[in-house]
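# Summary of structural features
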Amino acid sequence: MAAAPAGEVWLTLDADLLARALREAPLLQPLEAGETGEILLVRAPVSFVDTLAAVVHRELGRCGGFVAHASLEAGRVQLERLEQTRAAPREERSEGVAAFTVDQPGWAALLADGVSESELLATMTTVSTSFVNRYHAHPSGSAAATWIFDRWSALAAGRPEAVVELLEHADTPQPSVRLTIPGTRFPEQIVLLGGHQDSTVSGCFFDPGCVAPGADDDASGIATLTEVARLALASGFQPQRTVQLVAYAAEEVGLIGSSELAEAYLDAGAEVVGVLQVDMTGYPGSAEDIVLISDYTDSALNDFLVGLLETYQPGLTWTTDECGYACSDHAPWHLRGYPAAFAFEARFGQHNPEIHSADDTVATLDDSAAHAAKFTRLAAAFLAEAALVDPGVLFADGFERGTASAWSPPTD
Ligand SMILES: [Zn+2]
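Everything quoted here is computed from the prediction, not taken from an experiment.

### Quick look at the overall build of the protein
Along the protein, the regular secondary structure elements total 12 helices and 12 strands. The buried share of the protein, taken over its 412 residues, is 59%. Sequence separation of at least 24 residues holds for 83% of the intrachain contacts in the protein that already meet a minimum separation of 6. Put simply, the protein shows about 14,500 Å² of open surface, and 53% of that area lies on carbon and sulfur atoms.

Next up, the structure:
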């Protein structure tokens, strides 16, 4: 890890995970605990990250579970934020957060109905087979970032107002990729959709021969973002709030990319009004189609997602589940007071059993993007509804189209 040239790193993690990991590897230094004692701050060798990821995967059957921090101070700030978030829900801490409504059937249906399973499958296949190890410190991890940058840049070629950037980080060589479509009316208000581009396989992180295809975790999320970008840019959709799509660096080693970005937004006073995370959308492991994560997320934003599902995909079923501390990139936003949500492929324990292995391939998904398409339609509807403010602002030509059956795509 670039942040720790001395071979050490600060981590926050929950007490249960630490107890399990300590059976296998020693710590460098005793720990500090937050007020509740549930989340702990430790200094550990970088190799401990490997142990943690393996234990989370093998014993807890999930991803994430810990956050890497550049310094002791940053780790202490994280503990303080955890206490603040527990003490006061977002609704009590933040003024002016957008009250989203489901009243843009024109654009939401147009974008959601345009979702192509073949486009999704193509992106998942390319990312997982052309870049078989996207570990954040591996050269092909940065090559994957370049591929996403090039792909999104091509999609934005006809939209001069759209900006695609490679964002360098302090604590990983892997850049994040960000697409921005500026808002026409409230450009300072940001609607952000994210997923992580890196991959990992337990036990062989630093081995150049390591195969970590990560087709589901999380090439599926990158495919969802790419398809939403394609639809929004090609359709002439003009958001009234600013829209940003982010392919995060270095999620698997402690949410490094999303933590640095969320911190930078907070430092800049950015007004992020809604964050949707897509991390693993490909494997239909549960009876329900979509699982909304209810811990470390915003309840009002989750209600909004339910409204989107009931309106635009009424045939789907959904439920809720918890994923624990820092299970994906929504958490850094949530802990900084930004409303965040996370839609997941299955109940925990019923999700793709092949993640973090060489068998996380599109073959494990039966070479199908049918499940991922449900999440992509949700993400497309989220983008349209969250980024448009005025009810009835429908199409780029300014005309409303009445009812759904009469809508057709804009021609220009
Ligand atoms: Zn993941």
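### Thoughts on the coordination of the zinc ion
Each protein donor to the zinc ion is listed here as His 196 (NE2), Asp 217 (OD), Asp 279 (OD) and Asp 279 (OD); together their distances run 1.9 to 2.6 Å. Taken together, the 4 donor atoms coordinating the zinc ion span angles of 53 to 149° at the metal, a pattern that classifies the geometry as irregular. Along the chain, the residues donating to the zinc ion are arranged with the sequence spacing H-x20-D-x61-D. Taken together, the positions of His 196 in strand 7 (residues 186–196) and Asp 217 in helix 8 (residues 215–235) put the pair 21 residues apart, joining distant regions of the chain. His 196 gets classed as buried once you look at its relative accessible area, which sits at 0%. According to the relative accessible area criterion, Asp 217 is buried, its value standing at 2%.

### Here's the deal with helix 8
With 19 of 21 residues buried, helix 8 is to be regarded as a mostly interior element. Taken from the residues just after helix 8, Gly 236 is the one with a positive phi, measuring 85°.

### Focus on the pairing of strand 9 (residues 271–278)
A regular strand places its side chains so that they alternate between the two faces of the sheet. With 7 of 8 residues buried, strand 9 lies mostly within the body of the structure. As paired elements, strand 7 and strand 9 share 6 bridges and run parallel to each other. Across the sheet, residue Gln 189 finds its bridge partner in strand 9, namely Glu 271. Note that strand 9 and strand 12 (residues 340–344) share 4 bridges and pair parallel. Counterpart to Gln 277 in the pairing with strand 12 is Phe 342.

### A short note on the sheet that holds strand 6 (residues 176–181)
Ordered by their spatial adjacency, 8 strands build an open sheet running 5-6-8-7-9-12-10-11, and the pairing between neighbours is mixed. Each having just a single partner strand, strand 5 (163–167) and strand 11 (318–321) make up the two edges of the open sheet. Taken pair by pair, the neighbouring strands of this sheet meet at an average axis angle of 25°, ignoring direction. Two strands pair when backbone bridges link them, and strand 10 (residues 290–293) and strand 11 are joined in this way by 4 bridges, in the parallel orientation. When the sheet's bridge partners are listed, Ile 290 is paired in strand 11 with Trp 318. Its contacts with the sheet put helix 9 (residues 256–267) on strand 5, strand 6, strand 7, strand 8 (241–248) and strand 9, and the angle it makes with strand 8 is roughly 150°.

### Concerning the environment of Gln 240
Counting through the fold element by element, Gln 240 comes out in the loop between helix 8 and strand 8. With relative accessibility at 6%, the residue Gln 240 sits in the buried group.

### A word on the pattern of salt bridges
This structure, assessed with the given rule, holds 14 salt bridges. Asp 16 is paired through a salt bridge with Arg 20; the nearest N and O atoms lie 3.0 Å apart. With Asp 16 and Arg 20 both in helix 1 (residues 15–22), this residue pair falls 4 residues apart, about one helical turn. Accessibility expressed as a relative area gives 40% for Asp 16, which makes it partly exposed. For Arg 20, a relative accessible area of 21% gives the class partly exposed. As a salt-bridge pair, Arg 347 and Glu 288 come within 2.7 Å of each other at their nearest N and O atoms. Placement of Arg 347 in the loop between strand 12 and helix 12 (370–387) and of Glu 288 in the loop between strand 9 and strand 10 is noted, with a sequence separation of 59 residues between them. Judged by relative accessible area, which is 30%, Arg 347 ranks as partly exposed. One connected set of salt bridges, linked through shared partners, spans Asp 16, Arg 20, Arg 23 and Glu 59.

### Some points on the packing of helix 6 (residues 117–130) against helix 8
The packing of two helices is summarised by the inter-axis angle and the distance between the axes. One can describe the packing of helix 6 onto helix 8 by two numbers: an axis separation of 8 Å at closest approach and a directional angle of 135°. Taken together, the axes of helix 6 and helix 8 lie oblique to each other. Read as a crossing pair, helix 6 and helix 8 show a hand that is right-handed. Residues Glu 119, Leu 120, Thr 123, Met 124, Val 127 and Ser 128 of helix 6 form the contact with helix 8, whose participating residues are Ala 215, Ala 219, Ser 220, Ile 222, Ala 223, Thr 224, Thr 226, Glu 227 and Arg 230. Of the residues in the contact of helix 6 with helix 8, the class split is 7 nonpolar, 5 polar and 3 charged.

### Observations regarding the packing of helix 7 (residues 139–155) against helix 8
It is at 9 Å that the axes of helix 7 and helix 8 come closest, and there the two elements cross at 20°. As the angle between them shows, helix 7 and helix 8 are arranged roughly parallel. Taken as a pair, helix 7 and helix 8 cross one another with a handedness that is right-handed. Here helix 7 contributes Ile 148, Arg 151, Trp 152 and Leu 155 to the contact with helix 8, which in turn contributes Ile 222, Leu 225, Thr 226, Ala 229, Arg 230 and Leu 233. For the contact of helix 7 with helix 8, the class distribution of residues is 7 nonpolar, 1 polar and 2 charged.

What counts, and at which threshold
Residues numbered from 1 in each chain as written. Predicted model: local features only at pLDDT ≥ 70, side-chain atom pairs only at ≥ 80, totals over all residues. Heavy atoms only, no water. Helix = DSSP H or I, 4+ residues; strand = E, 2+ residues; numbered from the N terminus. Buried < 20%, exposed > 50% of the residue type's maximum accessible area, 1.4 Å probe, protein only. Contact = heavy atoms within 4.5 Å. Areas by Shrake-Rupley, 256 points an atom, 1.4 Å probe, with all protein chains shown as cover. Donors = N, O, S within 2.8 Å, 3.2 Å for Na, K, Ca; no water. Tetrahedral: all angles 85-135°; square planar, octahedral: opposite > 155°, others 65-115°. Pairing = 2+ DSSP bridges. Axes fitted to C-alpha atoms, helices over the stretch in contact; angles between N-to-C directions. Salt bridge = Lys/Arg side-chain N within 4 Å of Asp/Glu carboxyl O. Parallel < 35°, antiparallel > 145°, perpendicular 65-115°, else oblique. Left-handed = near helix turned anticlockwise from the far one by under 90°. Nonpolar A, V, L, I, M, F, W, Y, C, P; charged D, E, K, R; others polar.

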